[in-house]
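# Fold and geometry: a report
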Amino acid sequence: MLRQFFSYYKPYKGLFILDFCCAIFAALLELIFPLAVNRVIDDLLPSGNWKWILYACLGLLGIYVISSFLHYVVTYWGHKLGINIETDMRKKLFDRVQKQSFRFFDNNKTGHLVSRMTNDLMDIGEIAHHGPEDLFIAVMTLAGALGIMLSINWQLAVMTFVIVPLMIYLSLYFSSKMSAAFKRMFSDIADYNARVENNVSGIRVVQAFSNENHEIARFAENNNRFRVTKLIAYRIMAWNSSISFILMKFISLFVLVCGTWFVIQGRMTNGEFIAFVMLSNVFLGPIKQINAVIEMYPKGIAGFKRYLELLETEPDVADSPDAKPVQHLRGDIAFHEVSFGYENKDKVLQDVNLSIRAGETVALVGPSGAGKTTLCSLLPRFYDTEAGRITIDGMDIRKMTLQSLRSHIGIVQQDVFLFDGSIRENIAYGKLGAADSEIMQAVRRAQLEDLVASLPEGLDTLIGERGVKLSGGQKQRLSIARMFLKNPPILILDEATSALDAETEAAIQQSLAELSEGRTTLVIAHRLATIKNADRIVVVADQGIAEQGMHEELLEARGLYSRLHRAQFGA
Ligand code: ADP
Ligand code: MG
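Residues numbered from 1 in each chain as written. Chains lettered and ligands numbered in written order. Predicted model: local features only at pLDDT ≥ 70, side-chain atom pairs only at ≥ 80, totals over all residues.

### Describing the site of ligand 1
What counts here: Nearness is defined per residue: the C-beta atom, placed using the backbone, must lie within 6 Å of the molecule or strand. Helical segments are the DSSP runs of H or I of at least four residues, strand segments are the runs of E of at least two, and each set is numbered from the N terminus. Each residue receives one of three labels: charged for Asp, Glu, Lys and Arg, nonpolar for Ala, Val, Leu, Ile, Met, Phe, Trp, Tyr, Cys and Pro, and polar for the others, Gly being one of them.
The immediate surroundings of ligand 1 are formed by D106, Y342, K345, V348, S368, G369, A370, G371, K372, T373 and T374. The element best represented in the shell around ligand 1 is helix α13 (residues 372-377), accounting for three residues. Taken together, the residues of the shell around ligand 1 break down into three nonpolar, five polar and three charged.

Following this line, the structure appears as structure tokens:
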């Protein structure tokens, strides 16, 4: 895992080296002051030469000016390194999530995903900057301080060092406890985000059922769980910081007592004693720093682990190595012995055979839950077949790149998803970068002209999140305009008008008929009146195709279709 972590440094080698060098240099300069004080007290003070003391101080001032510049570099450029790495990680993760399959999104909550793409990576930037660098510098400074202390008075130095391993051991102990606590905390944040996301996007349903209090109670539960895990994590952190504090103070007092005794005994000069006290404080700094890294590490690593988990999830629908982009498709579709089922469920489709000629309009009918939508979602490879294969123009769809395959298929669904933005943006989603004239033509063909003309801001009118400011019929027209612009040879209309009132439906049927002209079209409809014009009717039931034929033929056959027909229109 560490190797993966360090691979993110690769593009920023220069920045890393610069930052690293400056930090080491700044740390070493810290060690000069105690040595200088030692010389001043033991050599310059007895000589009474005030001028030399002044020169020494001026020299030190020079060193501190350099040091302060180094601090700027380390803080700014170091964080720049961290931020860049964090940004790269976010980008990689977003790219990955964009390409995940439908199955992935079936099984992952939106709020969880959002949380993992935002929150979990928050601490990684800090770790990327502070982690390796601070650790190295702390160790360097520690070694430097210890070396000088040894050279001043080795007995006292050895007595002081005994405490160091103890402190590091304690830190490691607390770190492992904290790592677990933070992992739990991240998962609680994700739950919390998921709840908020779900609530806000469903707020209209909540209010319609007057279930606000129920929602408030559910939220309070999540919120409190989050509070408790957070408290646990911080309690461990507090123990850690309180115990390190007392140990450090213990060292200071220990050095004070023993040092005075050494001076009284005449085994140490005054200057050496003061330098020693100062150095014991310098070396406490790195220990604190190591402590801080050890504290930060579990949090960053918990996030990084979750990040890797998500990043390493291979999409289960992806381009095969020999996939080729297809430029042009006529639209001859064939299902050969296709079987498919969702996880942990019986097969939805079993050994389905179906061929559709280019330009043909085929209506899929059948009971709800029979698998009509599923059958259609296999065509653009939203899911892959378990057995059998699907061809378009005789070519297996798995031999085409996903992007080119999907560019030839248009889907109009019952619940239209529109993006927060303008009418223009939402229509142009069918063909990014489309010219205004093309968009206007699509608007005309989808009979949206009157609406656009009536709006003061026309095409630039904002439609609100998911298009809340439009009526159902208007939303559907917008999605049809989008399809005119996309202009695919294959079209799937999945209950496109089922949610609309009879009058709007009739009007939109007209646009849909125009849209499907010259395209291979699969129409799913439960209102049988809307599919009379289809070239063929296919009845989907019992994991496959129960019967197919023209309207009259099927009525005469007295099968499932005639029963469905009778149920809707009476005898
Ligand atoms: P239809 O469109 O004919 O009404 P569907 O194709 O939507 O039916 O659904 C067929 C069956 O598959 C149903 O039993 C449904 O519960 C199930 N199903 C649909 N989508 C999913 C999914 N994403 N995950 C699991 N099961 C699903
Ligand atoms: Mg359906």
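Text resumes after the structure shown.
### As for the packing of helix α8 (residues 154-161) against helix α11 (residues 212-264)
Going by this rule: Only the stretch in contact is used when fitting a helix axis, every axis being a line fitted to C-alpha atoms; angles between N-to-C directions are given from 0 to 180 degrees. Roughly parallel means an angle under 35 degrees; roughly antiparallel, over 145; roughly perpendicular, 65 to 115; everything else is oblique. Left-handed describes a crossing whose near helix is turned anticlockwise from the far helix through less than a right angle; right-handed describes the clockwise counterpart. For the purpose of contact definition, each residue receives a C-beta atom placed from its backbone, and two residues are in contact when these atoms lie within 7 Å.
Contact pair α8 / α11: the axes reach a minimum separation of 11 Å and the direction vectors enclose 160°. Between α8 and α11, the interaxial angle falls into the category roughly antiparallel. With respect to the hand of their crossing, α8 and α11 are arranged in right-handed fashion. Along its contact with α8, which presents L156, M159 and T160, the element α11 presents I251, F254, V255, C258, G259 and F262. Class assignment of the residues belonging to the contact of α8 with α11 gives a composition of seven nonpolar, two polar and no charged.

### Remarks on the sheet that holds strand β2 (residues 347-356)
The line we're drawing: Two strands pair under a simple rule: DSSP has to find at least two bridges between them.
Pairing within the open sheet is antiparallel, and its four strands lie in the order β2-β1-β4-β5. On the outer flanks of this sheet lie β2 and β5 (395-396), each paired with one strand and no other.

### Quick notes on the pairing of strand β3 (residues 361-365)
Here is the rule: To assign burial, the other C-beta atoms lying within 10 Å of each residue's own C-beta are counted, with C-beta atoms placed from the backbone; 20 or more indicates buried, 12 or fewer indicates exposed, and intermediate counts indicate partly exposed.
Counted residue by residue, β3 has five buried out of five residues, so it is predominantly covered. With burial as the criterion, each face of β3 is covered, one bearing T361, A363 and V365 and the other bearing V362 and L364. Alignment of β3 against strand β8 (residues 520-524), held across four bridges, turns out to be parallel. If you follow L364 over to β8, its bridge partner there is I524. Sheet topology note: the β3/strand β9 (residues 536-541) ladder contains four bridges and is parallel. Residue pairing across strands places A363 opposite I537, the latter belonging to β9.

### Side note on the UniProt feature "transmembrane region" (unreviewed entry) in the protein chain
Basically, it comes down to this: UniProt positions are given in the numbering used here, feature names are shortened, and annotations may be inferred rather than shown by experiment.
As annotated in UniProt, the feature "transmembrane region" (unreviewed entry) corresponds to residues 12-33, 53-74, 135-152, 158-175 and 245-264 in the numbering used here. Split by type, residues 53-74 is 100% helix and 0% strand. Its first and last C-alpha atoms lie 31 Å apart. Here residues 245-264 is 100% helix and 0% strand, with 29 Å between the C-alpha atoms at its ends.

### Remarks on the nonpolar core
For clarity, the cut-off: Connectivity within a nonpolar core runs through C-beta atoms within 7 Å, and the core itself is a set of buried Ala, Val, Leu, Ile, Met, Phe, Trp, Tyr and Cys residues.
In this structure, A363, L364, I427 and A481 are the most contacted members of the largest nonpolar core, which totals 66 residues. Once residues within four sequence positions are removed from consideration, A363 is found in contact with V523, A525, I531, A534, I537 and V538. One finds V74, M89, F273 and I290 within the second-largest nonpolar core, a separate group that totals 50 residues.

### A closer look at helix α18 (residues 472-486)
Quick reminder of the rule: One less than the number of residues in a helix, times 1.5 Å, gives the span that helix is expected to have.
The end-to-end C-alpha distance of α18 is 21 Å, a good match for the 21 Å that 15 residues give at a rise of 1.5 Å each. With 11 of 15 residues buried, α18 lies mostly within the body of the structure. Looking at α18, one finds that the buried residues are K475, Q476, R477, L478, S479, I480, A481, R482, M483, F484 and L485. The inward-facing, buried residues of α18 contact β6 (409-413), α15 (423-428), α16 (436-445) and α19 (502-516). Looking one or two residues beyond α18, the residue adopting positive phi is N487, at roughly 55°.

### Observations concerning the domain arrangement of the protein chain
The test is simple: Bear in mind that the domain bounds are from an automatic or database domain assignment.
What the domain assignment lists for the protein chain is domain 1 (11-311) and domain 2 (340-569). One C-alpha centre belongs to domain 1, the other to domain 2, and the line joining them spans 56 Å.

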